[in-house]
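# Tertiary structure, described
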Amino acid sequence: MPNKIFDKVAGNGLISRRHLLEISAAGLGMAASNSVLGADSGFNLEIPGWSRTPGPGPSAYGNRSPHTENFQRMTGFQNPTYPGGGSSRSPLQYLQGTITPNSLHFERHHAGVPDIDPVGHKLVINGLVRQPLAFSYEDLLKYQMVSRVYFLECSGNSGALLRGETGGTAQSLHGLVSCAEWTGIPLSTLLDEAGVLPDARWIAAVGADAASMGRSVPIEKALDDVMVALYQNGEPVRPGQGYPMRLFCPGWEGNISVKWLTQIKLTRGPAQFRDETSKYTDTLPDRSSYQFTFPMGTKSLITSPSGEMTLNQSGIYQVTGIAWSGSGRINRVEVSADGGQTWADADIQGHQLEKAVTRFTIPWEWNGGTAILQSRATDSRGNVQPTRSAVIADRGTVSTYHNHCIQSWEVNNTGEVINIYV
Ligand SMILES: Nc1nc2c(c(=O)[nH]1)N[C@H]1C(S)=C(S)[C@@H](COP(=O)(O)O)O[C@H]1N2
Ligand SMILES: [Mo]
């Protein structure tokens, strides 16, 4: 379809979503012509080696293709004075759909991954309850469970943009977000069994790792959609994600989803743990601080084309990315190719679930010149993703937690994609 002129819906080459199917059928960019078979070529197709002999048979545990082994989490600098601490980031630019494979789910550990034998592990519920309870892993497996798809995002994600760091990829800048189907027991079921006393306004959840990491959660949230998650994408939660069990607080900053969960104490007020006083609080330019920023902001990000990719030739590209909100579902994602001067609605691919990742896509014709690609999400509460300058005007850059600003990828006239600030 080389001569077809596609309807443009916004500046600098964004194409109407109505053409998505035609474009997919034609292939992308100039490369489309490469996949068209000549009239007689069907007769002399070579049979590749892998089609000539049977391969290995079934196996006990699956592996990915060796051709995709460069899809790796990225671990940062490991501080020797902080054993096991640090994070690893999901390779967002290589993934499609909305679910993060467990082996590539981002990680954030404050004292490494404990090696927990579920037989020796207990979950205790105590404090302001009628009857303190202790559950073994076996006990918990007997409860009725629910399965929900939710994103998880570390509040430190995308902080690099507020620090004005140059360069970077979707993974290095934004890879502290992932999305999985979590299966577990609604916390309200276990709290009801213990009997919450009227004075109890918060829960204090603590993990069994060497950091004894703890966080406080208001009782309203604890009784709403919080769960004790035992499964992640159908298999037991992985050690890095909190095996044998973790608290999961949908939509809220990742830190609150306490891994290796071992205690829930009902209290009158927040416990003032380290991670809700000296960390994860947002200090403003006047040095006052917001102590609690619970729901993660309405956010989106173009994952392709994205930082450090190169477009080899002008032509049609599928712009795609992910969007999520801690306060509801994603209603709309707009894309701009001219640095935010004009916008077009992207197509939403698949589900639009509450507090889960939604994928969007829109076709774009790159004319070989400079373009600035951006995406902007709106959630079901009407929250619109802000620009970077709006975030900075609102709260400054003393704290770089909870940043959900619009990302700008510049495509320069040699086709390189670079993280820039507009
Ligand atoms: N017990 C415990 N829970 C924890 C942490 C930890 O270090 N220890 N890290 C927290 C932080 S900061 C985040 S962002 C999420 C990360 O979850 P993940 O590693 O499964 O992605 O777990 C939270 N829960
Ligand atoms: Mo985090």
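Anything mentioned here points back to the structure above.
Let me sum up the structure you'll find in this document.

What counts, and where the lines are drawn
- Residues numbered from 1 in each chain as written.
- Chains lettered and ligands numbered in written order.
- Predicted model: local features only at pLDDT ≥ 70, side-chain atom pairs only at ≥ 80, totals over all residues.
- Heavy atoms only, no water.
- Helix = DSSP H or I, 4+ residues; strand = E, 2+ residues; numbered from the N terminus.
- Rg over C-alpha atoms; globule rule 2.2 N^0.38 Å.
- Buried < 20%, exposed > 50% of the residue type's maximum accessible area, 1.4 Å probe, protein only.
- Contact = heavy atoms within 4.5 Å.
- Areas by Shrake-Rupley, 256 points an atom, 1.4 Å probe, with all protein chains shown as cover.
- Lys, Arg positive; Asp, Glu negative; His and termini not counted.
- Charge placed at Lys NZ, Arg CZ, Asp CG, Glu CD.
- Core = buried A, V, L, I, M, F, W, Y, C linked by side-chain atoms within 4.5 Å.
- Pairing = 2+ DSSP bridges.
- Axes fitted to C-alpha atoms, helices over the stretch in contact; angles between N-to-C directions.
- Polar contact = N/O pair within 3.5 Å; in protein donor to acceptor, adjacent residues only side chain to side chain.
- Near = heavy atom within 4 Å.
- 1 Å grid on protein atoms, 1.4 Å probe; cavity = no way out; pocket = protein on both sides within 12 Å on 5 of 7 lines; lining within 4 Å.
- Sits in = over half its atoms within 2 Å of the grid points.
- Nonpolar A, V, L, I, M, F, W, Y, C, P; charged D, E, K, R; others polar.
- Points joined across faces, edges and corners; volume = space filled by probe spheres on them.

### Remarks on the overall build of the chain
Regarding its fold elements, the chain presents seven helices and 26 strands. By the compact-globule yardstick of 22 Å for 422 residues, the chain fits well, its C-alpha radius of gyration being 24 Å. By the burial criterion, 49% of the 422 residues in the chain qualify as buried. Partitioning the intrachain contacts of the chain with sequence separation of at least 6 by distance along the chain shows that 73% fall at a separation of at least 24. When the accessible surface of the chain is totalled, it reaches about 19500 Å², and 52% of it is carbon and sulfur. Here the chain contributes 34 positive and 37 negative side-chain charges, whose respective centroids are spaced 3 Å apart.

### Comments concerning unusual backbone geometry
Going from Y243 to P244, the amide bond is cis rather than trans, its omega being 5°. Residue S304 is joined to P305 through a cis peptide bond whose omega torsion reads -5°. Position of P305 among the secondary structure elements: in the loop between strand 18 (299–304) and strand 19 (315–324). The backbone of N12 sits at a positive phi, close to 65°, despite the residue not being glycine. By the secondary structure assignment, N12 is in the loop between strand 1 (8–10) and strand 2 (14–15). Classification of N12 as partly exposed rests on a relative accessible area of 26%. A positive phi angle, near 65°, is found at S158, a position not held by glycine.

### So, the nonpolar core
One finds L14, V335, W364 and V411 to be the most contacted residues of the largest nonpolar core, which totals 40 residues. Core analysis: the second largest hydrophobic core is formed by 34 residues, F135, V228, I256 and V258 among them.

### What to know about the sheet that holds strand 20 (residues 330–336)
Reading across from one edge, 21-20-24-25-26 is the order of the five strands in this open sheet, with antiparallel pairing throughout. Two strands bound the open sheet, and with one partner strand each, they are strand 21 (344–345) and strand 26 (417–420). As defined by bridge partners, strand 24 (residues 371–379) adjoins strand 25 (residues 408–411) across four bridges and the pair is classed as antiparallel. Bridge assignment links I372 to a residue of strand 25, and that residue is E410.

### Some points on the sheet that holds strand 15 (residues 261–267)
In space, the five strands of this open sheet follow the order 7-6-15-10-11, with mixed pairing throughout. Edge strands, defined here as strands with exactly one partner in the open sheet, are strand 7 (133–136) and strand 11 (214–218). When the angles between neighbouring strand axes are averaged without regard to direction, this sheet yields 15°. In the sheet, strand 6 (residues 122–127) pairs with strand 15 via four bridges, with the strands oriented parallel. Bridged to I125 within strand 15 is I264. Its contacts with the sheet place helix 5 (residues 187–194) against strand 6, strand 7, strand 10 (202–207) and strand 15, and it is angled at close to 135° to strand 7.

### Let's talk about the environment of W366
As for its placement among the helices and strands, W366 is situated in strand 23 (residues 358–366). Residue classification places W366 among the buried residues on the basis of a relative accessible area of 4%. With 47 residues separating them along the chain, W366 and N413 place their C-alpha atoms 9.9 Å apart. Beyond its immediate stretch of four places on either side in the chain, W366 contacts L311, Q313, S314, G315, Y317, V411, N412, T414 and G415. In terms of polar contacts, W366 uses its side chain to reach the backbone carbonyl oxygen of G369, at 2.7 Å.

### Some points on the site of ligand 1
Close to ligand 1 lie 21 residues; F106, H110, D209, R246 and K259 are nearest. One of the side-chain N or O atoms of H105 is found 3.4 Å from an oxygen atom in ligand 1. Between an oxygen atom of ligand 1 and a side-chain N or O atom of Q241, the distance comes to 3.1 Å. Here ligand 1, which alone exposes 530 Å², has 100% of that area covered by the protein. Most atoms of ligand 1, that is more than half of them, are within 2 Å of grid points of the largest cavity. With three residues, strand 5 (residues 107–109) is the single largest residue contributor to the shell around ligand 1. Residue classes in the shell around ligand 1 are distributed as seven nonpolar, nine polar and five charged.

### Quick word on the layout of surface pockets
Considered as a void within the structure, the largest pocket measures approximately 710 Å³ in volume. In terms of lining, the largest pocket is formed by 31 residues, of which the most central are S87, R89, R108, R163 and L176. Secondary structure elements with two or more residues in the lining of the largest pocket: strand 3 (74–75), strand 4 (86–89), helix 3 (159–162) and helix 4 (170–174). For the lining of the largest pocket, the leading source of residues is strand 4, giving three residues. Within the lining of the largest pocket, the residues separate by chemical class into nine nonpolar, 15 polar and seven charged.

### Some points on empty space enclosed by the protein
Applying the stated criterion across every chain, the model contains two cavities of 30 Å³ or more. Within this model, the largest cavity holds a volume of roughly 220 Å³. In terms of lining residues, the largest cavity is bounded by 19 residues, among which R108, R246, G254, S257 and K259 are the most central. Among the residues making up the lining of the largest cavity, the classes are represented as seven nonpolar, seven polar and five charged. Here the second largest cavity defines a volume of roughly 120 Å³.

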